[in-house]
Amino acid sequence: MMKAVEFRMPQVLLQGPGCMARIGEEVKSFGKTRPLLVTDKVMERAGYVGSVVKILEGAGCEVSVFSELKGEPCDKDVETGLKAYEKNRCDFLVALGGGSPIDTAKAIGIMEANGGKISDYMGSGKVQNPIPPLVAIATTAGTGSEMTKVAIINDTANDVKMLISSPRVLPSVAVADPELTVSLPPAITAATGLDAFCHAVEAYVSKKEQPITDALALKAIQLISENLRKAWCDGGNMEARANMMLASTLGGIAFNNSSVTLIHGMSRPIGAIFHIAHGISNAVLLPMWAEFTRISKPEKFAEIARIMGEDVRGLSVQQSAKKAVDAITSLCHDVEIPPIRELIPDKAEFEKHLAKMASDAVISGSPGNNPRFVTEDRIVELYKKAY
Ligand SMILES: NC(=O)c1ccc[n+]([C@@H]2O[C@H](COP(=O)([O-])OP(=O)(O)OC[C@H]3O[C@@H](n4cnc5c(N)ncnc54)[C@H](O)[C@@H]3O)[C@@H](O)[C@H]2O)c1
Ligand SMILES: [Fe+2]
């Protein structure tokens, strides 16, 4: 049944090889000249910070750089970044990097425009004032954060990866230039590529599915299944990199409007407590999730199998849906995603946290969008199964 839906994305998307060169024109339209460039040391060493500063200076800007991020962002990083924004009298934001710098810039913007503590904004729709203009330049393919209204920030006092979601957090300009991803090492290519895959499959089967995001999500699934292995084997393969970046953009738009589900709900607590990179903490749950969820939407899982190139001729819908689980499992296997037990060898330590992890997962709201219903007890069982 067709239903009324809402669809949002950044006002401007620059997409494709070399598109970053065009940010100067976009920035001029803000009528502001003092950006804080939020990034990390890897981006400085790769020379990307120098290139972005040059383009911004060419557009008449005086750039301050904040590159103190050490990993996935926490509340303290946001406070330090906000101080840099205020001290340098900045008036807009540029983020350069993976989801970590982009989410940090969004959170700095929330604090600048709204005051308080970043934990005040955990959940949906709590941000009152729009953030300053933000140019979000992605260097992973990826979180799709450049396309989304979401920021994920670690609450260090409570070991919770807070999900903050509001249309007022959307970047003004999203930049998805695959040339910036050529330097990604294979392990990060795999982790971030499977994050994009999770965005697409979760949005596709989400209870908040809608026709526009279905089309985008399916294309993303196809592109990732055809290109992730190639980009992982040969990082210099520009065609594979460009297709992965496009998939990441499409996956980002899809989940921004149809939401993620159980994988992301269960993955954030693993990241918050065991400090495992976001893409990996998703990927280790992905085959288990597909097997658990396929019976609730077999037609959609059958379509996933077909689009991933499985031979489903002559098979029933249920048989085809099982093939999707096979295709997903083999994709994770081919790019060498380890099982949770290798990442967290201390099983007793893992099990000690399961009740909190299941509770935090449910509180985030994401599992509520899964087409197969889950309780906290069931989530504990699923963690054990994935281990
Ligand atoms: N806001 C959203 O919509 C959204 C969606 C998904 C995930 N996230 C969040 O994003 C964060 C993860 O982001 P991520 O997976 O992009 O990783 P990241 O930004 O943490 O980067 C991972 C590592 O890769 C390096 N790196 C990034 N780009 C590179 C490049 N082109 N070449 C070489 N090295 C590079 C970084 O310096 C870092 O060391 C998590 O906190 C996650 O929760 C946010
Ligand atoms: Fe993600």
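Residues numbered from 1 in each chain as written. Chains lettered and ligands numbered in written order. Predicted model: local features only at pLDDT ≥ 70, side-chain atom pairs only at ≥ 80, totals over all residues.

A few points about helix α5 (residues 99-114)
- With 16 residues, α5 should reach 22 Å at 1.5 Å per residue; the first-to-last C-alpha distance of 22 Å fits that figure.
- Judged by how many residues are buried, α5 sits mostly within the fold: 13 of 16 residues are covered. (Helix = DSSP H or I, 4+ residues; strand = E, 2+ residues; numbered from the N terminus. Expected span 1.5 Å × (residues − 1). Buried ≥ 20, exposed ≤ 12 C-beta atoms within 10 Å, placed from the backbone.)

What to know about the sheet that holds strand β7 (residues 150-155)
- Overall, mixed pairing links the three strands, which are arranged β5-β8-β7 in an open sheet. Each edge of the sheet is formed by a strand with only one pairing partner; in this case those strands are β5 (123-124) and β7.
- Bridge analysis of β5 against strand β8 (residues 160-165) gives two bridges, and the strand direction is parallel. Within β8, the residue paired with Gly123 across the bridge is Ile164. (Pairing = 2+ DSSP bridges.)

Points about the environment of Gly193
- Mapped onto the elements, Gly193 comes out in helix α6 (residues 186-205).
- Residues Gly193 and Gly81, spaced 112 residues apart in sequence, show a C-alpha to C-alpha distance of 28 Å.
- Filtering out sequence-adjacent residues up to four positions away, Gly193 remains in contact with Ala141, Ile224, Leu228, Ala231 and Met244. (Contact = placed C-beta atoms within 7 Å.)

Describing the packing of helix α12 (residues 298-307) against helix α13 (residues 317-334)
- One way to put it is that α12 packs onto α13 with a least axis distance of 7 Å and a crossing angle of 55°. Comparing their axes, α13 and α12 come out oblique. You can see that α12 and α13 cross each other, and the crossing is left-handed. Across from Pro298, Glu299, Phe301, Ala302, Ile304 and Ala305 in α12, the residues of α13 making contact are Val317, Gln318, Ser320, Ala321, Lys323, Ala324 and Ala327. (Axes fitted to C-alpha atoms, helices over the stretch in contact; angles between N-to-C directions. Parallel < 35°, antiparallel > 145°, perpendicular 65-115°, else oblique. Left-handed = near helix turned anticlockwise from the far one by under 90°.)

Topic: the domain arrangement of the protein chain
- Annotation of the protein chain at the domain level lists domain 1 (12-181) and domain 2 (186-386).
- Put simply, the middle of domain 1 and the middle of domain 2, counted by C-alpha atoms, are 25 Å apart.
- Taken together, the contacts link 26 residues of domain 1 with 26 residues of domain 2.
- Only β1 (12-15) and β8 provide two or more residues apiece to the side of domain 1 that touches domain 2. (Domains from an automatic or database assignment.)

A few points about unusual backbone geometry
- Of note, the phi angle at Ser259 is positive, near 75°, even though the residue is not glycine.
- Along the chain, Ser259 falls in the loop between α8 (238-258) and α9 (262-274).
- The backbone phi angle of Glu336 is positive, close to 60°, even though this residue is not glycine.
- With respect to the helices, strands and loops of the structure, Glu336 is situated in the loop between α13 and α14 (340-343).
- The class for Glu336 is exposed, based on 10 C-beta atoms found within 10 Å.

Overview of the pairing of strand β6 (residues 134-138)
- With five of five residues buried, β6 is to be regarded as a mostly interior element.
- Here β6 shows no split at all, with Leu134, Ala136 and Ala138 on one side and Val135 and Ile137 on the other all buried.

A few points about the sheet that holds strand β2 (residues 35-40)
- The strand order β1-β9-β6-β4-β2-β3 describes an open sheet built from six strands, whose pairing is parallel. Edge positions in the sheet fall to β1 and β3 (64-69), since each has one partner strand and no second. On average, each strand axis in the sheet is inclined to that of its neighbour by 15°, with strand direction left out of account.
- Note: strand β4 (residues 92-97) against β6, five bridges, orientation parallel. Bridged to Ala95 within β6 is Ala136.

Quick notes on the nonpolar core
- In terms of nonpolar packing, the biggest core is built from 127 residues, with Val175, Ala200, Ala220, Ile221 and Ala324 touching the most fellow members.
- It is α6 that contributes the most residues to this core, twelve residues altogether.
- Here this core gathers at least three residues from each of two domains, domain 1 (12-181) and domain 2 (186-386).
- Each residue touching Ala200, except ones within four places of it in the same chain, is listed here: Ala217, Ala220, Ile221, Ile224, Gly251 and Ala254. (Core = buried A, V, L, I, M, F, W, Y, C linked by C-beta atoms within 7 Å.)

Side note on the site of ligand 1
- Around ligand 1 sit 28 residues, and of these Val42, Gly98, Gly99, Ser100 and Thr143 come closest.
- Put simply, the parts of the chain that give the shell around ligand 1 at least two residues each are α5, β7, α6 and α10 (278-283).
- Taken together, domain 1 (12-181) and domain 2 (186-386) each give at least three residues to the shell around ligand 1, which thus spans both. (Near = placed C-beta within 6 Å.)

Considering helix α16 (residues 354-364)
- Among the residues making up α16, those that are buried are Met357, Ala358, Asp360, Ala361 and Ser364. Taken down its axis, α16 places every buried residue within 165° of arc, on the same side.
- Close packing links the buried residues of α16 with β8, α9 and α17 (376-386).
- Positioned one or two residues after α16, Gly365 has a phi angle of 90°, which is positive. (Arc of directions from axis to C-beta.)

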